[in-house]
Amino acid sequence: MDQKLQAILQDVEKKIAAAKTEVELQSVKVSALGKQGILTSLMKELPKFDPAERPAIGQAVNRVKNQLSELIENKREEIKLQAAAVPTDFDCTVPGFAPRSGGLHPITQMCYDLNDAFRSMGFEVFQEDDITSEMYAFDNLNFPPNHPARESMDTYWLEGHDSGNANEKLCLRPHLTGGSVRYMQTHKPPYRFVYPGHVYRNETTDARHERAFYQYEALIVDRDFTFTAGKVMIKSILSKVFGRDVPVRMRAGFFPFVEPGFEIDMGCLVCGGKGCSVCKQVGWIEVMPGGTPHPNVLRAAGLDPDEYTGFYVNIGLDRLVMMRYGVDDVRLFHSADLRFLQQFH
Amino acid sequence: MKLSLDWIRDYVALPKDIDMTKLAYDLTMSTVEVEDVTYLAEQFKNIIVGQIEEVLPHPNAQKLRICRTNIGDEVKVIVCGGKNLEPGMKVAVACPGAVVRWHGEGDPVEIGIAKLRGVESYGMICASSEIGLADLFPAAEEAMIADLSAFDAVPGTNLADALDLNDCIIEIDNKSMTNRPDLWGHYGIARELSALYDLPLKPIEKYVPQENIDKFPVTIEDDEKCPRYIGVKMEGVSVKPSPFKMQSRIWRVGMRPINALVDITNYVMLATGQPTHAFDADNISGGITVRPAKQDEKLLLLNGKDLTLKTDDLVIADSEGAVALAGVMGGSKDSILPDTSKVILEVANFDSHSIRRTALRYENRTEASARYEKAVDPQRCDQALSFAMQLFAELYPELKVTGFNDLYPRPLACNEIDVDMQWLEKRLGQHLTNDELKEKLELMGFSVTFDSGNMHVVVPSWRSTGDIAIKDDIMEEVARMYGYDNFEPTPITTSFDGAINQLDVDLVRHIKEYLAFRCGMQEIFTYPWMKDTFANAILENTDEALKLSTPPAPDEKLIRCSLLPNLCEAVAKNERYFNNFSIFEEAQIFSDKDYTTPYDPSEKLPYMAKHIAGAVADSTMTVENLFRTAKGIIEYMPRMTHMEGITFRKEDKPVWADNTVWLNIFSGDTKIGDMALLSKKASLKCGIKKLSVMLFDINADLLVPFKSRTNKFEHLATYPTVEFDISLLFDTSVNWDAILKTIEGSRKADSFVKSVSFVDEYKGKQVPEGKKSLTARLTIGADDRTLKSEEIEACAMKVVKLLEKKFDAKLRT
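Quick caveat, the model's predicted, so the values are computed rather than measured.

**Re the sheet that holds strand 14 (residues 228-235) of chain B**
Residue and element names in this part refer to chain B.
Next up, step 1: With antiparallel pairing, four strands are arranged side by side in an open sheet as 15-22-14-23. Each edge of the open sheet is held by one strand with a lone partner, namely strand 15 (276-280) and strand 23 (400-407). With direction set aside, neighbouring strand axes in the sheet form an average angle of 15°.
Next up, step 2: One ladder, built from seven bridges, connects strand 14 with strand 23; its direction is antiparallel. Residue Ile-230 lies in a different strand from strand 23, and its bridge partner there is Asp-406.
Next up, step 3: Sitting on the sheet, helix 6 (residues 260-272) is in contact with strand 15 and strand 22 (342-349), with an inclination near 165° to strand 15.
Next up, step 4: Sheet contacts for helix 9 (residues 380-395): strand 14, strand 15 and strand 22; angle to strand 22, the most-contacted strand, approximately 160°.

Laid out in structure tokens, this is it:
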């Protein structure tokens, strides 16, 4: 009898373990403990046994019965906890809901990246007005009186303010450098600041030329500063922005407000300097002009050029952003076209 | 500017096997940017000289011929449509693999073996235009084949070898040499290379006219605009083609050979950078006068342009009137004609600015004016004269110089500069010995002497027209000759005197990041000018707007005095693609008023202010919800961006705003902006059709950032609080602000009402006309115990009673 009970116990335990739903579990329960169930019919056979054995057998059957009841109830709880929140054929490959779409202009993003990099090196961020005078746009910067850039085909002069002395002529700033002089006039040296902002040129536009673009200027003015220290600065900044070591070279270049002037190139990150279509096969990409501020610029800022010197760079952010993402038309930046801008979230 | 390596080699002995990659690199690093280096012969790959042996008719085509052509090792059949095919003629044969342009047009095509009307042709016999040689072998008419019979080349010779075109063309970025007029021309670059590589430069012998030659009459009326003028009168010349080598060189660097007389002047210009001009002497009456043009003086140029001159222009005149626009272009009267036999050669120096202005005024920039604009030094006239006279003598053995004059009223003074040696070393960050300095500088034509810690430098004439004027220029010369990349990088020292703290800069960034990342708005950039359509749609008037003298377009003259017109333009533009979006812009606005002198006391700058403006546009949301969406953006901005609070009032409706849905934004008592629904009328004018648009515009210069975070921690409630909603019927004239203030005003320090918030309001069928049902949520609790439900109810009913009394409201049940 004991063996028989043991066999039943094992058999029903297996069935309980195998049950996956409450319905299945219920049918196991009925088949074992129900009125027609196997244990119930065992109890019905009790009178056939010797009365002396009956109590022991009855107890044994009851024990198994209780044991199984507990197992079934435990299993029922387990099945309940495992019940699916959705039908089991739910498709997990459907896409998630997009978070709110909004973002900064890709040029602002680059600008903030640079701000962070420069600030970590102790630079202030300087901001200035978009309208300036010829005095600050050209005279202070050592542009000769007849420099072509002063003419209306290159600079946006304001009507009614387009003649007279340099302090009376007003224009949309053609570059940021004039504003740097304003900073120097109102602060005490040594200087270490960056100056981001829009500049405007009267140009015919195409995929590579724009009338409004974004420049980023950085200027250090100090005693005993060699131009090679400038190279260290550029290298640190570019490496931070691009997240890896960027080779930098400086070569001869000319700009009226620096002496000496440089064109600063960075190693092409697309081909690693081997030469590709992005860098026109030379392995280098021209990223910024730079140089030591011209003595006349320092004088305009009220400094003695024999005492002070420095280093200046002007980064064209449009170009850098175009490189970052492979944008092929500079005019898109001012298009306000969300189909374009939303790509940079 | 294009340069021929072959030509440069005339003046400097570059090694035969020079590495062009290195040469381009060295020039780029030290002097000017080399944009491209190309081997001329590459374009003639698989093009050879062939000799036609027999010309036969084509069986299937009238216009085609079959040419049995000797191409060196063998004779091939080539089908050709040329009209001038003759046995014995030498021609250019494009063999399979060569690249040509059909009839000189379209994209380059690679030649193969092909059947032409049933006859197999081994490549093609080329017209000059098909292999890019139209300028050197001009075809008299269409379907004429280039005749190479004059060249001493056996059949099978590569075309580049036959025509001596194994040259390398160096292209230099013109922009990179704006300050180096001395580099224009092959001699200038040769001189730079001789300095870079320490190689000898071929000297140019000065031309000395024969004695007892008549003085050619020249008068200079304005010697500021014309510091030097050399005139040479010559006889025994004629119009004929120049030698092939000369033509070829002119062609290689991008100009077109014309005839020997014109070619000499161009050749000299390309060699030295000094423009020269040849007049037909028969058309010049009397001598030459260089003078300012008379007001409204007429001049018909060589290219047919009929000019009416101004007194600013400088002309070359004879006794009858202007014959040429000085430094820009000759006139048609004096030009070289087919029967020219006497010429006057002009080698002159003109002021760069005057030439530039004149060339621009008449939109007539030429090779000559482009060079004069860069400030050519007057000493270079000597070089050009020497080259020119040598070429005239070579090309015209019968030449006779009959008049000469060299007027040089304003001789150029070479710059002299003193350089403090200590200063130099400090700036270079490196010590160079006197010998090193002297060597580097003298290679470039400077002369250098030393005197106790001072270096005295005399600048050569060709660097004295503005390029080298101060000691910093000398430092640059030394540094670039030494090689910028050869200096040891020195680290930057930092001083540790305080962290950067720029609250105003940070605030703008916080606001932009808040708008973008918390409010889901997209930042845009627009131009600083406005289109008339949008300015007129949005602004009351544009009286105070500044204007551009030369606007990008006639309807874009106005400079923005508000960010809203461009913002609306952006909304209109994006309406095609999106039915709900929000955008913002941060930029300055400008007005022709409130001039200030923030820097130099003599400089007056107009009103400028940094604004932040945004648009929330939606075609599906109700206007009520759109309003609340936009208002929420402004309302939460101070808290999220850490600035002084802002309030809303209705004082002054913006002209573009809807009559009801508008607010002015205040910081304290200062109005800092507006927020409103764009009116139907303005929307229509902007071409916005379906979208409802909420706009806001804030003067960011008036926002006050907190110095640090100011909000204080509040203890979490120890005892539970309960949210209790109350709904009352109010007159529709009662606004939420009044209700809120009433409830808050009644709160005492120990009040159980912890806070009040708006849930919703309802107008419609369920409530009587002129009434609205408003639901507010009270948060009720005590600091020292858990309230009983009767206490909570009593507290809420107290508020209800207050509102009923104050606003004649009725509790809804």
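**Some remarks on the interface of chain A and chain B**
Next up, step 1: Between chain A and chain B, the residue contacts involve 63 residues of the former and 69 residues of the latter.
Next up, step 2: Counting residues per element, the ones that place at least two in the side of chain A that touches chain B are helix 5 (106-119), strand 1 (124-125), strand 2 (131-133), helix 7 (177-186), helix 8 (227-242), strand 6 (248-253), strand 7 (258-267) and helix 11 (338-341) of chain A.
Next up, step 3: In terms of residue class, the side of chain A that touches chain B is made up of 26 nonpolar, 19 polar and 18 charged.

**Details of the confidence of the model for chain A**
Next up, step 1: In this model, chain A carries an average pLDDT of 87, and 99% of its residues clear a pLDDT of 70 or more.
Next up, step 2: Summarising per-element confidence for chain A, the mean pLDDT is lowest in helix 8 of chain A (82) and highest in helix 11 of chain A (96).

**Focus on the packing of helix 1 (residues 2-18) of chain A against helix 4 (residues 54-81) of chain A**
Residues and elements named next belong to chain A.
Next up, step 1: Between helix 1 and helix 4, the least distance of the axes is 11 Å, while the angle of their chain directions is 5°. The angle between the axes of helix 1 and helix 4 places the two elements in the roughly parallel class. Each of Asp-2, Leu-5, Ile-8, Leu-9, Val-12, Glu-13 and Ile-16 in helix 1 lies in contact with helix 4, whose residues at this interface are Ala-60, Val-61, Val-64, Gln-67, Leu-68, Leu-71, Ile-72 and Lys-75.
Next up, step 2: Looking at the contact of helix 1 with helix 4 residue by residue, the class counts come to 11 nonpolar, one polar and three charged.

What counts, and at which threshold
- Residues numbered from 1 in each chain as written.
- Chains lettered and ligands numbered in written order.
- Predicted model: local features only at pLDDT ≥ 70, side-chain atom pairs only at ≥ 80, totals over all residues.
- Pairing = 2+ DSSP bridges.
- Helix = DSSP H or I, 4+ residues; strand = E, 2+ residues; numbered from the N terminus.
- Axes fitted to C-alpha atoms, helices over the stretch in contact; angles between N-to-C directions.
- Contact = placed C-beta atoms within 7 Å.
- Nonpolar A, V, L, I, M, F, W, Y, C, P; charged D, E, K, R; others polar.
- pLDDT = per-residue confidence, 0-100.
- Parallel < 35°, antiparallel > 145°, perpendicular 65-115°, else oblique.

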